[in-house]
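# Residue-level structure breakdown
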Amino acid sequence: MEIAYLVSVLLFITAVILYVRRRRAASPSRAGTASCPHPNPVLGNTLEFVRNRGRFFDWYTDMLRAAPSNTIEAWGALGASHAVTTADPAGVDHLLRASFANYNRGAQFRAAQSELIGDGIFGADGRLWSLQRKLASYAFSSRSLRRFTEDVLAVHLGRRLLPFLDAAAGSGEAVDLQEALRRFAFDNICHVAFGVESSTFLEWGDPQHQALFKAFDTAVAISFMRTLTPSTPVRKLTKLLNIGKSRQLGEAIGVIDDHAMSVIEAKEASQRNNNQGEGDPDLLSRFMAAMDEEDGGGELAAMFPTPEAKRRLLRDVVVSFVLAGKDSTTSALTWFFWLLAANPRCERRVHDELSQSPDGDVKGMRYLHAALTEAMRLYPPVPFNGRVAVADDVLPDGTKVRAGWFANYSAYAMGRMEKLWGENSLEFVPERWLGDDGEFVAVDAARYPVFHAGPRACRKEMAYVQMKTVAAAVLRRFSLDVQAPTTASMQSPPAYEMTGGMKIIGGLHVHLKIRTESDQ
Ligand code: HEM
């Protein structure tokens, strides 16, 4: 009896949804709305999504390319999780700049990511976001950048990365460059943002470090899939019963929390011992001070009234910055090294530039800057990104976005559009970034949203300094011979994980040889 009742209710709801959908589709007010490829009246784009989930970024690129204004609409089963996605610079400009106030992170993103990033800057909206942005901005001042270059980068390069690669070159064994860069970036961010020594690089085989990296990978992968798919009753049930992916996520978060707390405790201990070092306070110290204010002026502190809530926010700060610093530059550099190996002409040009600047100052290395920028055009570390509309809106091409819908852009698709980059859009051509005088020529961030655009754009200077310094130091000292997962050829790029970043599956294994005078 109960089952028959449930089935009839379900059929009734489905019939109503189909009726409403058909009416809306026929309504003249829909004119100008983006095309929706392969919709199924009940399942929306779910079947296509499942079929293409292993090539999500390329699937979206195909659809966006084919759409007249490079903007599409898609939705999940029974109309759930409606999303407009654009690869049109005017659309990106609208979402991230012109109508910034109308697009925020939204409840669905926060729900999907809450265990991992909590109230950290990447999931925050409104005042909670702007207060964190202001505190974080000190970390990107020119003084902080100088300190980063001189005290952190130089030390981690000279005492960790280069000796490690030297040893690999000496032994003749292939080394996983992606993993080495990841550990390097992780130790870097812990040092510069939290003032804490982390030695995942030096203690390579330590199972605790391995467990931490695995936990981050698991948590990022599950949270990313949850952001793309609507929360179903099945997901709620697995959470309630603590089984399946919910259990895996919970366990991973446990490992991450322990690490974040150990960072906070180490910082507290060093503050108790007055061991702050000279110069500006680091990012974590600034957040701790903001949480500590008891004179009524601390707006951020007031948002987190209990000691537990304050500590929880500090945990979210640590996790957010580890996520920002650990995978982004690693991904960009890994693809950069692979692309150089696949394009010997460009590699030679980088070496020419290196030999013309023997003092090692990377600031003036325009070709290197262009080559890194070009690598991120083809393989952006954040390939797909989105917001949620607060109120109904219309994009510049006439696409309607209703309140509560996702409004996304794909930096990956945009980097591969002939319309934006010409016939050679799929080729690696750093020269496209250089003017006739050899100077680097930037393009508008709405056309190249690799670092986002508008008020929430990444302060990319630190990332560039790190990437250029590492690239220059490694290329100056070694020749790289890519061994696996594929040979270096533009026709057979390595496969990458579908987890929000572009991590190469299986790593990037290279043989290193120390360069000699005759190689110069
Ligand atoms: C190649 C390297 C990097 C790329 C491609 C990159 C890209 C991005 C993107 C796309 C966003 C926007 C995220 C969003 O709001 O949806 C972002 C924001 C941000 N990035 Fe980066 N990033 C890189 C490196 C870094 C590094 C090394 C740091 C430093 C620790 C960093 C710190 C941040 C912060 C704090 C934000 C948040 C800005 C805000 O919401 O106001 N990023 N980044």
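Cut-offs applied
- Residues numbered from 1 in each chain as written.
- Predicted model: local features only at pLDDT ≥ 70, side-chain atom pairs only at ≥ 80, totals over all residues.
- Heavy atoms only, no water.
- Near = heavy atom within 4 Å.
- Polar contact = N/O pair within 3.5 Å; in protein donor to acceptor, adjacent residues only side chain to side chain.
- Helix = DSSP H or I, 4+ residues; strand = E, 2+ residues; numbered from the N terminus.
- Core = buried A, V, L, I, M, F, W, Y, C linked by side-chain atoms within 4.5 Å.
- Buried < 20%, exposed > 50% of the residue type's maximum accessible area, 1.4 Å probe, protein only.
- Phe/Tyr/Trp six-rings, centres within 6.5 Å; stacked < 30°, edge-to-face > 60°.
- Pairing = 2+ DSSP bridges.
- Contact = heavy atoms within 4.5 Å.
- Axes fitted to C-alpha atoms, helices over the stretch in contact; angles between N-to-C directions.
- Salt bridge = Lys/Arg side-chain N within 4 Å of Asp/Glu carboxyl O.

Here we come to the site of the ligand. Taken together, 23 residues lie near the ligand, and Arg 105, Trp 129, Arg 133, Arg 387 and Cys 458 sit nearest. Arg 105 is positioned with one of its side-chain polar atoms (N or O) 2.8 Å from an oxygen atom of the ligand. One nitrogen or oxygen atom from the side chain of Arg 456 is found 3.3 Å from an oxygen atom belonging to the ligand. Tallying contributions element by element places helix 14 (residues 307-342) first for the shell around the ligand, with four residues.

Nonpolar side chains tend toward joint burial in soluble globular proteins. Core analysis: the largest hydrophobic core is formed by 147 residues, its most contacted members being Phe 194, Leu 300, Phe 336 and Phe 337. Counting residues per element, this core draws most heavily on helix 14, which supplies 17 residues.

So, on to the packing of aromatic side chains. For the structure shown, the criterion picks out 25 aromatic pairs. Taking 6.3 Å as the distance between ring centres and 55° as the angle between the ring planes, the aromatic pair formed by Phe 57 and Phe 224 counts as tilted. Here the residue Phe 57 occupies a position in helix 3 (residues 56-66), and Phe 224 occupies one in helix 9 (residues 207-228), the gap between them amounting to 167 residues. Comparing Phe 57 with Phe 224, the two get one shared label, buried.

With mixed pairing, five strands are arranged side by side in an open sheet as 1-2-8-5-3. The open sheet has two free edges, formed respectively by strand 1 (71-74) and strand 3 (103-104), since each of these has just one partner strand. Of the pairings in the sheet, the one linking strand 5 (residues 384-389) to strand 8 (residues 406-410) comprises five bridges and is antiparallel in character. Bridging across to strand 8, Asn 385 finds its partner in Tyr 409. Helix 4 (residues 89-98) contacts strand 2 (83-86), strand 3 and strand 8 of the sheet and is inclined by roughly 130° relative to strand 8.

The next point concerns the side chain of His 82. Within the secondary structure layout, His 82 lies in the loop between strand 1 and strand 2. Separated by 2.9 Å, the side chains of His 82 and Glu 73 make a polar contact.

The antiparallel open sheet is built from three strands, whose spatial order is 4-10-9. With partners counted over all chains shown, the strands left at the sheet margins are strand 4 (175-176) and strand 9 (478-484), one partner each. Of the pairings in the sheet, the one linking strand 4 to strand 10 (residues 509-514) comprises two bridges and is antiparallel in character. Looking at strand 10, one finds that Val 175 is bridged to Val 510.

Further remarks concern the pattern of salt bridges. A complete count under the given rule lists 29 salt bridges for this structure. With a shortest N-O distance of 2.7 Å, Arg 97 and Asp 444 are connected by a salt bridge. Here Arg 97, found in helix 4, pairs with Asp 444, found in the loop between helix 18 (418-421) and helix 19 (461-477); they are 347 residues apart in sequence, far enough to count as distant. The partner of Arg 345 in a salt bridge is Glu 431, with the nearest N and O atoms 2.7 Å apart. With Arg 345 in helix 15 (residues 344-356) and Glu 431 in the loop between helix 18 and helix 19, this residue pair connects regions lying 86 residues apart in the sequence. Salt bridges sharing partners connect three or more residues here, namely Glu 179, Arg 182, Arg 183, Asp 217 and Lys 503.

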